[in-house]
Each structure stands twice: as structure tokens, then as C-alpha cells.
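# Commentary on secondary and tertiary structure
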Amino acid sequence: MTAQLKFGISMLAVALMSTSAPIDMAEAQERPTTARERITNVQSRGLQVSRVRPANLAVATLVQPAPARPNRPRVMPIDWGQVREDLQRQNAQFSDNNFATAARLPQTFPRPSNNEAAEIARTRLPVLLPPNATLRLANAPRVFLFPQENFYTASINAPGILIEVFGTRLAHTEAPDPVTLRRLRAQGPDGYQITQTEYGVEVNFNRYGAAYSITIECEFPLANDRCSELEYGRQLVENIGIVAGSPGEGE
């Protein structure tokens, strides 16, 4: 493994944390959760992420012997050669990158504060995060990173805004026909899908054989141009960088 990969290139699996407080199902059925309530929950209890992954999340589609099923996901191959090339270019751009310790992310990127982040060395897909310079948050955010072997979830929380980054190399379903497959893989000219949501912006994209999404939610979406316009989401995906991840045995 090259020196550039010592930082532990591991694609973070879909580690959605279950809430520590019980959920009132009757109340949940009466009204939807607002962005303001979601952000308040994160600020008051560390992390309360229960959002369902978007249905249109881009999925890697390389052919494998057994079909993917909801209860038997397929582990998609990662193009580690391309990861190494991109990492070399990234290291030239960010002079303070130092990945000698897998659990210690470089100063260039948000630093997680939760204990679970120390498990990042086990992640077997590239872990991608937007750099601090692109986030442009006035106050230091609270960052939580939940890595698993084949997926990860990162939460970046600052006053009035919540940014989630999700990555997975697990394919749970397959397109039923070539037409549907082309539609699911369709992306804009910049290589990603970006959409306006009720509370902000969501960006979906494929990279290295894995699928990623960036979700931006604001306490007051209409009053915050990071959620009312698409430009901030574009900046995050176009400047996102590799912070961790390493090949598994035989990859």
C-alpha cells in the first residue's frame, strides 16, 4: 500500500445512529419533523440522525455473479487505482495532509469528536468529506463520524445548519431493465445529481464504484441561501476530498 494510503482509505458504510430517546410514534404520525426540530435534536443530544436514505441515490452497477437483494446486498468493487491517483493530486493541494494515524483526520477537513470515529481504519471504501474552507462555517462545527466496513455516515452540525455525508459500497437492489438502469445512472453534465428539498439541498453521485450523498438542511431554509439555492451544494461536491479508507484483503 502506498504512503498516501496510510491514512486509511475506507469507504464509510451507512451507519445511521439510532436515537437515544424513545420515539413517540403517535406524535410522529400526526406531523412531520421540521428541519428546525432536526437541527435542535442534533445540537441538544449530539446526533439524532434517522433520515431515510434517498431513493434516487446513485448506485454502482458493475456486474457480479449473484443478484443484489434487499436482505443480501452486493459489495461493489472499488477502483483503488483511481483513488491513489486522486489522493496524490489532493496531497499536492493540501500540504498539511498527514494520515499516519487513521483516526486522526488532517486539519484541512472537519474533525469528528465521537469515539466511534476511531473505527475508521476498518472502512473499506473511500471516506469523502468536504474541506473546512468549502464548508465556510462561522463557528467550529460539531462533527460525528460513524464508520462501518462497507459504509459510513458523517454529520457536520453548526448553528442553524446540518450537513450529512453518506457513502456506501453496498448495492441492495438492481435495475429491472436497461432503460431503468440508464435512468438511475443519469447525472448532470458535472457528474452528479443535485436537487432542492423541503429543507435544503441534496447531492447524489457515484465515485470509485461507491455511491455517495450530501444532504444540507437548514433551520430556516428560505432565509439561508445555503439551503434555498443550489450553489453551496455544488461547491461541497466539487471540492469533496478523501480523508480515510483502505482496501480489504485481495483488493
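Look up a bit, the structure's there.
Figured I'd write up the structure that's included with this text. (Residues numbered from 1 in each chain as written. Predicted model: local features only at pLDDT ≥ 70, side-chain atom pairs only at ≥ 80, totals over all residues. Heavy atoms only, no water.)

## Brief notes about the sheet that holds strand β7 (residues 193-196)
- With respect to topology, six strands assemble into an open sheet ordered β3-β4-β5-β9-β8-β7, the strand pairing being antiparallel. Among the strands making up the open sheet, the edge pair consists of β3 (142-147) and β7. Averaged over all adjacent pairs, the angle separating strand axes in this sheet is 10°, with direction ignored.
- Where strand β4 (residues 151-158) and strand β5 (residues 161-168) come together, eight bridges link them in antiparallel fashion. Within β5, the residue paired with S155 across the bridge is E164. (Pairing = 2+ DSSP bridges. Helix = DSSP H or I, 4+ residues; strand = E, 2+ residues; numbered from the N terminus. Axes fitted to C-alpha atoms, helices over the stretch in contact; angles between N-to-C directions.)

## A few points about unusual backbone geometry
- The backbone of R136 shows a phi angle near 50°, a positive value even though the residue is not glycine.
- Mapped onto the elements of the fold, R136 is located in the loop between α4 (132-135) and β3.
- What makes R136 partly exposed here is its relative accessible area of 41%.
- One non-glycine residue, Y208, adopts positive backbone phi at about 65°.
- Mapped onto the elements of the fold, Y208 is located in the loop between β8 (200-207) and β9 (210-218).
- In this structure Y208 comes out as buried when scored by relative accessible area, which is 11%. (Buried < 20%, exposed > 50% of the residue type's maximum accessible area, 1.4 Å probe, protein only.)

## Points about the packing of aromatic side chains
- With the rule as written, the count across this model stands at two aromatic pairs.
- Ring geometry for F205 and Y212: centres 5.3 Å apart, planes at 15°, overall stacked.
- In textbook terms, an aromatic cluster arises when at least three aromatic residues are bridged by ring pairs, as seen for Y152, F205 and Y212.
- Just above the ring of Y232 sits the side chain of R226; from NZ or CZ to the centre is 4.9 Å. (Phe/Tyr/Trp six-rings, centres within 6.5 Å; stacked < 30°, edge-to-face > 60°. Lys NZ or Arg CZ within 6 Å of the ring centre and 35° of its normal.)

## Let's talk about the state of the cysteines
- Following the criterion strictly, the structure yields one disulfide and no others.
- Two residues, C218 and C227, share a disulfide whose sulfurs are 2.0 Å apart. Around the S-S axis, the bridge from C218 to C227 shows a dihedral of about 85° and counts as right-handed. The residues C218 and C227 share a single accessibility class, namely buried. (Disulfide = S-S within 2.5 Å.)

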